[in-house]
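Fold and geometry: a report
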Amino acid sequence: MSRIALVTGGSRGIGAAISKALQAAGFTVAANYAGNDDAARAFTEETGIKTFKWSVAEYDACAQGVAQVEAELGPIDVLVNNAGITRDAPFHKMTPQQWKEVIDTNLSGVFNMTHPVWPGMRERKYGRIINISSINGQKGQFGQVNYSAAKAGDLGFTKALAQEGARANITVNAICPGYIATEMVMAVPEKVRESIISQIPVGRLGEPDEIARAVVFLASDEAGFITGSTISANGGQFFA
Ligand code: NDP
């Protein structure tokens, strides 16, 4: 029987690469998404991976979504908290709404999704939680006080929950991608992108698949001694 993996924001960008890589590694994968039905439909047509629509920012929707995935596919062994958004603005212009949306999705979303899968993992004495944080949660980023705070919060969450899960054979780890060539990054003006690339020692953006491979490793049965860790995947841009 293959293990079951749920990837939030799993039908586009880095999440789509993670879903596909887990599928290729033999997992049965469920991909959650928020609203882009066209992308989700195209993704399912391409991969055969089932998609499930709800917002990770809403606690009750997450509990219902997890119940639906488990009813259709079976108990979740691997949760990849990948869904994330940006609402950038310099702090003096940042609105409470911009702050709230990013915290609700990028930080509370991790709580909302992990909470409903946790009791089952504890009972079965097996689980893998992988949180996609960011280099900007490690070092902070101008114009991203909300995003940096949320992503730094994900790292604290990871280290604390790792201690609670250890005896139940549940690992909790984080990956901090640097700049990866997805819609989120390709949407920034070309000049800004060039200046970003000039600060990356390897001289290029990362590929979604380079994050996906790290996820597959952490999701494997063999990675049981690795917990509470943060893997930086940023082309040498920042050493945490
Ligand atoms: P994309 O914008 O390409 O994709 C984001 C995905 O998250 C989409 O599938 C989207 O769903 C989903 N999503 C957004 N909000 C919600 C929500 N409330 N509930 C459920 N799903 C949601 O992002 P990336 O692939 O670039 O980023 C993926 C993760 O990696 C994020 O956490 C991001 O912060 C992090 N990251 C990205 C970096 C980069 O360079 N790209 C660098 C460092 C970290 P839908 O398709 O319906 O819109």
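Residues numbered from 1 in each chain as written. Predicted model: local features only at pLDDT ≥ 70, side-chain atom pairs only at ≥ 80, totals over all residues.

Taking an unreviewed UniProt entry as the reference, the protein chain is identified by name as Beta-ketoacyl-ACP reductase belonging to Paracoccus gahaiensis. Its UniProt record gives the protein chain the following Sequence similarities (unreviewed entry) comment, quoted word for word: "Belongs to the short-chain dehydrogenases/reductases (SDR) family." (UniProt positions renumbered as here; feature names shortened; annotations may be inferred.)

Turning our eyes to something else, we now look at the overall build of the protein chain. Helix and strand counts for the protein chain stand at nine helices and seven strands. For 240 residues, the compact-globule estimate of 2.2 N^0.38 gives 18 Å, and the C-alpha radius of gyration of the protein chain, at 17 Å, lies within 12% of that figure. Each of the three principal axes of the protein chain carries a C-alpha extent, and together these read 50 × 40 × 35 Å. Here the protein chain holds 240 residues, and 44% of them are scored as buried. Sequence-distant contacts in the protein chain: of pairs separated by 6 or more residues, those separated by 24 or more amount to 70%. (Helix = DSSP H or I, 4+ residues; strand = E, 2+ residues; numbered from the N terminus. Rg over C-alpha atoms; globule rule 2.2 N^0.38 Å. Buried ≥ 20, exposed ≤ 12 C-beta atoms within 10 Å, placed from the backbone. Contact = placed C-beta atoms within 7 Å.)

Right, let's get into the sheet that holds strand β1 (residues 4-7). If you trace the seven strands from one edge of the open sheet to the other, you get β3-β2-β1-β4-β5-β6-β7, paired in parallel fashion. At either end of the open sheet lies a strand with only one pairing partner, and these are β3 (50-53) and β7 (230-233). Neighbour-to-neighbour, the strand axes of the sheet open up by a mean angle of 20°, direction not taken into account. By the bridge criterion, four bridges tie strand β2 (residues 28-33) to β3 in an arrangement that is parallel. For N32, the partnering residue across the bridge sits in β3 and is F52. (Pairing = 2+ DSSP bridges. Axes fitted to C-alpha atoms, helices over the stretch in contact; angles between N-to-C directions.)

UniProt's entry tags residues 3-178 with the feature "domain: Ketoreductase" (unreviewed entry), counted in the numbering of this structure. For residues 3-178, the helix share is 53%, the strand share is 18%, and the end-to-end C-alpha distance is 29 Å.

What follows is about the pairing of β1. Of the two faces of β1, the one holding I4 and L6 and the one holding A5 and V7 are both buried throughout. Looking at chain direction, β1 and β2 are connected through four bridges and run parallel. Bridge assignment links A5 to a residue of β2, and that residue is V29. Handedness of the β1-helix α1 (residues 13-24)-β2 crossover: right-handed. Direction of pairing for β1 relative to strand β4 (residues 78-81): parallel, over a ladder of three bridges. For A5, the partnering residue across the bridge sits in β4 and is V78. (Right-handed = clockwise from strand over helix to strand, strands pointing away.)

On the secondary structure map, I85 appears in the loop between β4 and α4 (96-124). Of the residues examined, I85 has 18 C-beta atoms within 10 Å and is grouped as partly exposed. The spacing of I85 and A212 is 127 residues in sequence and 18 Å in space, taken between C-alpha atoms. In this structure, I85 is in contact with E101, V102, T105 and N106, ignoring residues within four places of it in sequence.

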